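Reading the structure
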Amino acid sequence: MANQKRNLGIGRLLISAYGVLALAATGRAGYELAAKFNEAPLPYSLSIFSALVYIVATVALARSKGGWRKVAYAAVIIELSGVLLIGAASVIWPGVFTYNGKLVKTVWSFFGIAYGFVPVALPILGLIWLRKSKQN
Amino acid sequence: MLETLFQVEAWGALLIGLVLLGFGAAKRKPSLVSLGATAFVQMGLVTQLICSIILVSGGARAKGDTIEFFAYILVAFIVPIGAAFWALIERTRWSTLVLGVGALTVAIMFARMHQIWFG
């Protein structure tokens, strides 16, 4: 019981971190969409996509019961794949993200370096938490 | 002047964030002290918003994108308020940590706003 409570507490912290990232990504994507979407459609579409995934992940982790649990798993796995794939792509093929000679970044570029690598750390912590909280 | 204001707000939010994380680690529940510290961070944002509106309506512009600058302030506005609501609803030490995470987030956003404004 004590352990379960503790897990719940750490979960709260994780959810708040997700909330912050969701807010940061949504703010960024909203600004890019409103101000300059046509300049670089691919990176900005990725920003919007990542923002949506973070919102879904935050809500699903906050509920994290029944069906929401599966949604949380899916969102966290999509997130991890996204940050790994786009992170790797930004290193291997920077040309894909270059518009008018300028490298345009997304939340997931370089494994989330602009966000202190939080985007790559959070889904891993999320998966660990989802696994652990089920055991109780 | 504006530089000093930024420094006070950003370092203040960073310090408050670290102290709140310390409070959380010491298992303290949210109190008037931790909520007051969060209110101080919020006051920094209010001051910044008012100053920026005055400056921009006076013709000043950010070195970066002025719209992006205001987007940052407005999004940052939600963070301490959200964390404080959380702390009022759930009075456990975890909420104190959430307050700390919120203050640190605002500190990072101040640093980014400084970057956008001064280039």
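Residues numbered from 1 in each chain as written. Chains lettered and ligands numbered in written order. Predicted model: local features only at pLDDT ≥ 70, side-chain atom pairs only at ≥ 80, totals over all residues. Heavy atoms only, no water.

**A closer look at the overall build of chain A**
Along its length, chain A carries four helices and two strands. Along its sequence from the N terminus, chain A presents helices and strands in the succession α-α-α-β-β-α. Principal-axis analysis of the C-alpha atoms places the extent of chain A at approximately 60 × 30 × 25 Å. Split into buried and exposed, the 136 residues of chain A put 40% on the buried side. Across chain A, the fraction of contacts at a sequence separation of at least 24, relative to all contacts at a separation of at least 6, is 69%. (Helix = DSSP H or I, 4+ residues; strand = E, 2+ residues; numbered from the N terminus. Buried < 20%, exposed > 50% of the residue type's maximum accessible area, 1.4 Å probe, protein only. Contact = heavy atoms within 4.5 Å.)

**Some details on the interface of chain B and chain A**
In many reports, interface size means the accessible area that the parts give up when they come together. Taken together, the 14 residues of chain B in the interface contact eleven residues of chain A. The contact between chain B and chain A buries some 1200 Å² in all, and 77% of this surface belongs to carbon and sulfur atoms. Counting every contact that joins chain B to chain A gives one salt bridge. Arg12(A) is the partner of Glu90(B) in a salt bridge, and the nearest nitrogen-oxygen pair spans 2.4 Å. Linking chain B to chain A there are two residue pairs in polar contact (both at pLDDT 80 or more). Only helix H3 (66–89) and helix H4 (93–118) of chain B provide two or more residues apiece to the side of chain B that touches chain A. (Buried area = accessible area lost by both parts, 1.4 Å probe. Salt bridge = Lys/Arg side-chain N within 4 Å of Asp/Glu carboxyl O. Polar contact = N/O pair within 3.5 Å; in protein donor to acceptor, adjacent residues only side chain to side chain.)

**Focus on the pattern of salt bridges**
Residues and elements named next belong to chain B. Within this structure, the stated rule accounts for three salt bridges over all chains. Across the pair Glu68 and Arg112 runs a salt bridge, and its minimum N-O distance is 3.5 Å. Of the two residues, Glu68 sits in helix H3 while Arg112 sits in helix H4, which places them 44 residues apart along the sequence. With relative accessibility at 15%, the residue Glu68 sits in the buried group.

**Details of the packing of aromatic side chains**
Enumeration over the complete set of coordinates arrives at six aromatic pairs over all chains. When the ring of Tyr54(A) is compared with that of Trp108(A), the centres are 6.3 Å apart and the planes differ by 70°; the resulting orientation is edge-to-face. Note that Tyr54(A) is positioned in helix H2 (residues 41–63) and Trp108(A) in the loop between strand E2 (102–103) and helix H4 (118–135), a separation of 54 residues in sequence. According to the relative accessible area criterion, Tyr54(A) is buried, its value standing at 0%. Judged by relative accessible area, Trp108(A) falls into the buried class, the value being 2%. Both rings, one in Phe6(B) and one in Phe69(B), keep their centres 6.5 Å apart while their planes meet at 80°; by these two values the pair is edge-to-face. Within this pair, whereas Phe6(B) is found in helix H1 (residues 2–25), its partner Phe69(B) is found in helix H3, the two being separated by 63 residues in sequence. Across the pair, Phe69(B) and Phe6(B) agree in class, each one buried. Positioned over the ring face of Phe23(B) is Arg28(B), at 4.1 Å from the centre of the ring. (Phe/Tyr/Trp six-rings, centres within 6.5 Å; stacked < 30°, edge-to-face > 60°. Lys NZ or Arg CZ within 6 Å of the ring centre and 35° of its normal.)

**Some points on the nonpolar core**
Membership of the largest hydrophobic core comes to 35 residues, with the highest contact counts inside it found for Phe6(B), Leu45(B), Phe69(B), Phe110(B), Met113(B) and Trp117(B). For this core, the secondary-structure elements that each account for two or more residues are H1, helix H2 (32–57), H3 and H4 of chain B. Filtering out sequence-adjacent residues up to four positions away, Phe6(B) remains in contact with Gln48(B), Phe69(B), Phe110(B), Met113(B), His114(B), Trp117(B) and Phe118(B). Membership of the second largest hydrophobic core comes to 29 residues, among which are Leu14(A), Val53(A), Ala60(A) and Val107(A). (Core = buried A, V, L, I, M, F, W, Y, C linked by side-chain atoms within 4.5 Å.)

**Looking at the confidence of the model for chain B**
Taken over all residues, the pLDDT of chain B has a mean of 93, while the share at 70 or more is 100%. With a pTM of 0.82, the predicted complex shows an ipTM of 0.71. (pLDDT = per-residue confidence, 0-100.)

**Quick notes on the packing of H1(B) against H4(B)**
All names here are of chain B. Between H1 and H4, whose axes approach to 7 Å, the crossing angle comes to 160°. Comparing the axis directions of H1 and H4 gives the class roughly antiparallel. Note that H1 runs across H4; the crossing there is left-handed. Per-class residue counts for the contact of H1 with H4 are 21 nonpolar, five polar and three charged. (Axes fitted to C-alpha atoms, helices over the stretch in contact; angles between N-to-C directions. Parallel < 35°, antiparallel > 145°, perpendicular 65-115°, else oblique. Left-handed = near helix turned anticlockwise from the far one by under 90°. Nonpolar A, V, L, I, M, F, W, Y, C, P; charged D, E, K, R; others polar.)

**Examining unusual backbone geometry**
Residues and elements named next belong to chain A. Residue Asn100 is not a glycine yet carries a positive backbone phi of 50°. Along the chain, Asn100 turns up in the loop between strand E1 (98–99) and E2. In this model, Phe110 sits at a positive phi of 50°, which is unusual for a non-glycine residue. Among the secondary structure elements, Phe110 is positioned in the loop between E2 and H4.

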